[in-house]
Amino acid sequence: MSLTPFAPMSEGIGPLYPVVDDVDLLERLLCLGVKTVQLRVKQPAHPQLADWVQRAVALGRTHHAQVFINDHWQLALEAGAYGVHLGQRDLQEADLDRLARQGVRLGVSTRSPEQLAAAVELSPSYLAIGHIFPTTTKQLVEPPQGISALAQQVAAVDGRFPTVAIGGIDLDRAPDVWRTGVDAIAVVRAVTQAPDLAARIDAFNRCLNPSRQQGGRDAI
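Everything quoted here is computed from the prediction, not taken from an experiment. (Residues numbered from 1 in each chain as written. Predicted model: local features only at pLDDT ≥ 70, side-chain atom pairs only at ≥ 80, totals over all residues. Heavy atoms only, no water.)

### Some remarks on the nonpolar core
(1) Moving on: Counting 63 residues, the largest nonpolar core has Leu26, Ile69, Leu86, Leu96, Leu99 and Ile185 as its most contacted members.
(2) Moving on: Those residues in contact with isoleucine 69 that lie beyond four places of it in its chain are Leu39, Val53, Ala56, Val57, Ala76, Ala81, Gly83, Val84 and His85.
(3) Moving on: Among the nonpolar cores identified, the runner-up in size contains 12 residues, and Met9, Tyr17, Phe68 and Ala184 belong to it. (Core = buried A, V, L, I, M, F, W, Y, C linked by side-chain atoms within 4.5 Å. Buried < 20%, exposed > 50% of the residue type's maximum accessible area, 1.4 Å probe, protein only. Contact = heavy atoms within 4.5 Å.)

### Some thoughts on the side chain of asparagine 70
(1) Moving on: On the secondary structure map, asparagine 70 appears in strand β3 (residues 66-70).
(2) Moving on: What makes asparagine 70 buried here is its relative accessible area of 3%.
(3) Moving on: One polar contact links asparagine 70 to lysine 42, side chain to side chain, over a distance of 3.3 Å.
(4) Moving on: Non-local contacts of asparagine 70, meaning those with residues more than four positions away in its chain, are made with Gln38, Leu39, Arg40, Lys42 and His85. (Helix = DSSP H or I, 4+ residues; strand = E, 2+ residues; numbered from the N terminus. Polar contact = N/O pair within 3.5 Å; in protein donor to acceptor, adjacent residues only side chain to side chain.)

### Let's talk about the confidence of the model for the protein
(1) Moving on: Summary statistics for the protein give a mean pLDDT of 92 and a share of 92% for residues scoring 70 or more.
(2) Moving on: Contacts for the low-pLDDT stretch residues 213-220, under 50 throughout, to residues beyond four places or in other chains number 12 contacts. (pLDDT = per-residue confidence, 0-100.)

### Description of the UniProt feature "binding site: Mg(2+)" (unreviewed entry) in the protein
(1) Moving on: Within this structure's numbering, the places UniProt gives as "binding site: Mg(2+)" (unreviewed entry) are Asp71 and Asp90. These annotated residues cover 20 residues of sequence, and their C-alpha atoms lie no more than 6.5 Å from one another, placing them together at a single site.
(2) Moving on: Within the secondary structure, aspartate 71 sits in the loop between β3 and α3 (73-79).
(3) Moving on: Looking at aspartate 71, the relative accessible area reads 16%, which means it is buried. (UniProt positions renumbered as here; feature names shortened; annotations may be inferred.)

Below is the structure:
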């Protein structure tokens with residue numbers, strides 16, 4: 001466990017948080033004005049992994065964006081990454097105190113209220129709550145948590161850390177997710193498979209209105 005609280009997000013987390021495995025797509029998203037994005041490459045032995053991490057970090061600096069590296073925290077540290085995102089297993093292996101002392105932001109995946117409560121103790125930069133709907137991007141044992149559980153967990157965090165909903169969220173489901181009061185919505189296939197990326201990002205931005213009233217979780 002880190003003894004040092006993790007630095008907060010520089011510009012908030014949302015409202016849209018794309019998760020991609022392609023650096024070229026990451027660059028396109030940044031050029032479209034997306035300010036928070038995650039590079040998630042699940043092949044640790046990929047020969048271009050280190051180069052992709054370096055490039056993603058450099059693109060984040062160029063576009064003044066918050067780029068998170070999923071899992072590969074050592075490469076992220078070497079590249080001077082803004083942030084890393086870790087799952088439950090990776091939390092056990094990573095040098096969290098070193099990451100915190102270096103000023104690296106931390107996002108943590110949680111899949112139950114118990115995992116969420118444990119993650120809060122780390123004082124992370126944000127908390128990811130999932131998976132909300134069935135998803136094909138990961139093989140998961142746990143069932144989807146659903147909208148009601150998401151709303152309860154967002155309320156439990158009570159604004160202490162930014163919250164991100166993830167898992168099977170598309171444009172049709174986004175309004176219901178957004179009504180829970182979550183700070184951001186993470187999307188994968190909704191952007192990676194978009195026939196018109198610019199139009200899809202614009203549609204999400206109009207749906208996820210950042211000016212919603214915090215006192216009314218039923219408003220969009």
